[in-house]
Amino acid sequence: MADHVLDADASVAACDDGLREPPVQTPAPGTLPPDVPHFVGRRRELEELRADIDRPGLATLRGRSPDGSRVLLVAGRPGSGRTSLALRLAHDVADRYPDGQFFVRLSDNEGEPVPPGQSARALLRALGVGAEPGAEGAELSAALRTALAARRAVLVLDDVVDPRQLLDLLPKGSGNLFVATSEGPLPGVPDVRPCTLGGLDPAACVDLLAQAVGRVRVTNDPKAAEALAHECGGHPAALRLIGAWLATQPRTSVADATRRLHDIRADSPAQAPAPAAARESAPVAPTTGDGVLREDVGRRGTADALPVDKRSRVVPRTTPAPSADPAPTAAPAPAAPRATAPPELLRAFRFVYGALAPAVARMLRLLALAPTGLVDAQTASALAGCSVGEAEGTLENLAGCGLLHAEPVADPLPRQYRVPGWLTPSLHELLRGTDKPAETQLARARMLERTVRLLHACRLGLEGADMEADGLPKSLRFADRPAAAGWLRDRLPVLLAAARLAVADGELDTLARRLMAALVRALAADPGGGENAAERYQLHHLVLDVAQRRGLHREKAAALLNIGDLDVEGARPLDALDRYRAALVAAREGFDGDAEGRALEAIAGTYLELDDPQRASDWYGRALALRQARGELIHAARLHGRLGALQTYAGRYGHALREWRAAVAAYRRLKDLPAQARALTEVARVQEYAGHPEDALRTCRDALYWARQAGERRLEGAVLLRMADTLDRLGDPAGARLQRAAARRLLPASEIPRSPEAEEG
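Residues numbered from 1 in each chain as written. Predicted model: local features only at pLDDT ≥ 70, side-chain atom pairs only at ≥ 80, totals over all residues. Heavy atoms only, no water.

Chemist: Could you give me a rundown of the overall build of the protein, with the residues and numbers involved?
Modeler: Within the protein, the regular secondary structure consists of 32 helices and 11 strands. Counting contacts in the protein only where the partners sit at least 6 residues apart, residues at least 24 apart contribute 68% of the total. Summed over its atoms, the accessible surface of the protein is roughly 33800 Å², and 52% of this surface lies on carbon and sulfur atoms. (Helix = DSSP H or I, 4+ residues; strand = E, 2+ residues; numbered from the N terminus. Contact = heavy atoms within 4.5 Å. Areas by Shrake-Rupley, 256 points an atom, 1.4 Å probe, with all protein chains shown as cover.)

This is the structure:
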């Protein structure tokens, strides 16, 4: 059974809730995220969703055959467990969909919708369907619908922001199941009934809390456990955060934690954080246990200020909750920003965050800068300016506190963690209010610099170079070529996201250019990276953006040439022609003669692809004139040969002989004996086409001499075979047999054609 995990903006997927504990044994990339190990509650919702799969649709009720896939929608606030429920359902019904189970996130960690082409391309790649590197979103979505039409698969579309994201992916066939999660209804999606999630029931809350702190502590004071569940409003992620904190505080009772949580109000005025300079000079408070929590974790009023949405209010326990949210007066925007985390979740986060040691809290804040919210020890180490070992331990402890989610990775890749989507806005607010902008920018620069060095180490690993001789520290080295290749392919979406963020920043263009150059070199060194044309296309467009913004004509020309080459690979010659012409203009503006020559040759080659040899010959002639003016003899010799081939194809043998003889003369000046012998062989071919076999035979003898001087046995054998063909045309079969016999001693039998005598026999 084919299971695949996708992320339209990163290589792995994560849940947004607190129901799933970080898995100890993580599956290899390419599998559906593991089922929730300790799934609690939601039994009624799960049964309703299962029943909804087989519910007759509107088309069936109207007497028509269903013409679309079944769509189920799980709606809920951030951290409500909607992703866990969708995954549990996908695992439960997997045997009904034998063509695969897929998971893709449709919004990034900032809550912005992922471009439709990006998610469609990710799904196409998982289905094993190729797509052109420069294909637009509409083309990719159409290709995906076609690929899914004849399949039976289940697709979990996590965090849908815009209904069009879902509608563009729905195929006409009725064999697929789409399970979407969102923060609310998706207007415009036909025949779908949202399964809206609220808080967990009291029994499920107590069960979830017992999994975190142990059955004994809950059994000793069940009333306190119920009170804590009530204080958290039954919110799964909030309960998990408080439960994780209690697990680190064995001497703190559940009742005490409930009282302290009650003192933290989501609508209370935010305390002004201490200035960064004062914090740096102040001694670090002693920590408890493993150094993650402060010694004064239980004191009231110690939680750092967390900006909250003033529109969100905590309903006092004496006041019943409102029965329904006020209905909006206007239709919601199709792509609304990520909703504010529920007040219960914000309070729980403030409770746990205030207990963190200063250094740990600082690292957590800086993790908001990680591209796509995905971090490993290297990223955290660079952001916080600490050792890799310290960062690895801190990340593991933060995951244990419920503030990070462990991601599935394959050995021997390092462990990765994802910042929950609901937490990212709060961390950004804390970062702006606590850390100086210069410190934040420095952390971002350190992260990009570390990424550049990792890419350099990856390229050396792919090339089999000695990383120790290059001076790389052990923490950056890759064990072998497979380890480097696995890291590059697994982290490629994150690396691209880092490049996009660096380009969008605008203040780190130098680092952005270095990062993109290092990524291009690493991709070029990957022997199995033939499927990354789409990523290279995006990368060269980013280089083009920076070059245009900074007025870098040479880099602009190089980017346009690379994009044009990818257009040619994708069978889009007209698009490539536009790129090459723009590259020619940029090269001339930047006085880059080499790029100008490349652009001229690329234009000529594209016209040749378009079956226009006359224009191709004209542009090759312009390129030749440029190379000759620059004194680039080796390029001039090669262009003489291309012009000679075009003239031969057109039947202008006199012009062809002139070009090939010019190529022979250039190679002679370069002392390139093999190339000189090959050019002489082409001269002989043209002479034979022109009806001068005697001249062709003399030229072949010259070519044979230079091939022997060069010691090229295969070339010598090829010249002997041409001489044999010429002798046959001159009526000398005996001489032809002698030449073929000599060629047999130089070439393998598979490369020697049958002689005319053998064909007649």
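Next comes the rest of the account.
Chemist: Help me get a handle on unusual backbone geometry, residues and values and all.
Modeler: A positive phi angle, close to 60 degrees, is found at Asp-159, a residue other than glycine. Mapping Asp-159 onto the fold places it in the loop between β4 (154–158) and α6 (163–167). A residue is classified by how much of its surface remains accessible, and Asp-159, at 7% relative accessible area, is buried. (Buried < 20%, exposed > 50% of the residue type's maximum accessible area, 1.4 Å probe, protein only.)

Chemist: Give a detailed account of the pairing of β4, specifying residues and quantitative values.
Modeler: With five of five residues buried, β4 lies mostly within the body of the structure. Neither face of β4 is exposed, since Val-154, Val-156 and Asp-158 on one face and Leu-155 and Leu-157 on the opposite face are all buried. Relative to β4, strand β3 (residues 101–105) runs parallel, the two being bridged by five bridges. Bridge pairing in β4 places Val-104 opposite Leu-157. Relative to strand β5 (residues 177–182), β4 is paired through four bridges, and the arrangement is parallel. (Pairing = 2+ DSSP bridges.)

Chemist: So, empty space enclosed by the protein: which residues are in play, and what are the values?
Modeler: Taken as a whole and judged by the stated rule, the model has five cavities of 30 Å³ or more. Its volume calculated, the largest cavity comes out at about 160 Å³. The wall of the largest cavity is formed by 14 residues, among which Thr-379, Thr-451, Arg-491, Val-494 and Leu-495 lie closest to the centre. Elements with a contribution of two residues or more to the lining of the largest cavity: α15 (377–384), α18 (437–463) and α19 (481–505). Examining the composition of the lining of the largest cavity, we find that five residues originate from one element, α19, more than from any other. In terms of residue class, the lining of the largest cavity is built from eight nonpolar, three polar and three charged. (1 Å grid on protein atoms, 1.4 Å probe; cavity = no way out; pocket = protein on both sides within 12 Å on 5 of 7 lines; lining within 4 Å. Points joined across faces, edges and corners; volume = space filled by probe spheres on them. Nonpolar A, V, L, I, M, F, W, Y, C, P; charged D, E, K, R; others polar.)

Chemist: Run through the packing of helix α30 (residues 713–729) against helix α31 (residues 733–744), naming residues and quoting values.
Modeler: Contact geometry of α30 with α31 gives a least axis separation of 8 Å together with a crossing angle of 165 degrees. Taken together, α30 and α31 sit at an angle that is classed as roughly antiparallel. Of the two elements, α30 crosses α31, and the hand of that crossing is left-handed. Between α30, through Gly-717, Leu-720, Leu-721, Met-723, Ala-724, Asp-725, Leu-727 and Asp-728, and α31, the contact on the second element is made entirely by Pro-733, Gly-735, Ala-736, Gln-739, Arg-740, Ala-742 and Ala-743. Class assignment for the residues of the contact of α30 with α31 results in nine nonpolar, three polar and three charged. (Axes fitted to C-alpha atoms, helices over the stretch in contact; angles between N-to-C directions. Parallel < 35°, antiparallel > 145°, perpendicular 65-115°, else oblique. Left-handed = near helix turned anticlockwise from the far one by under 90°.)

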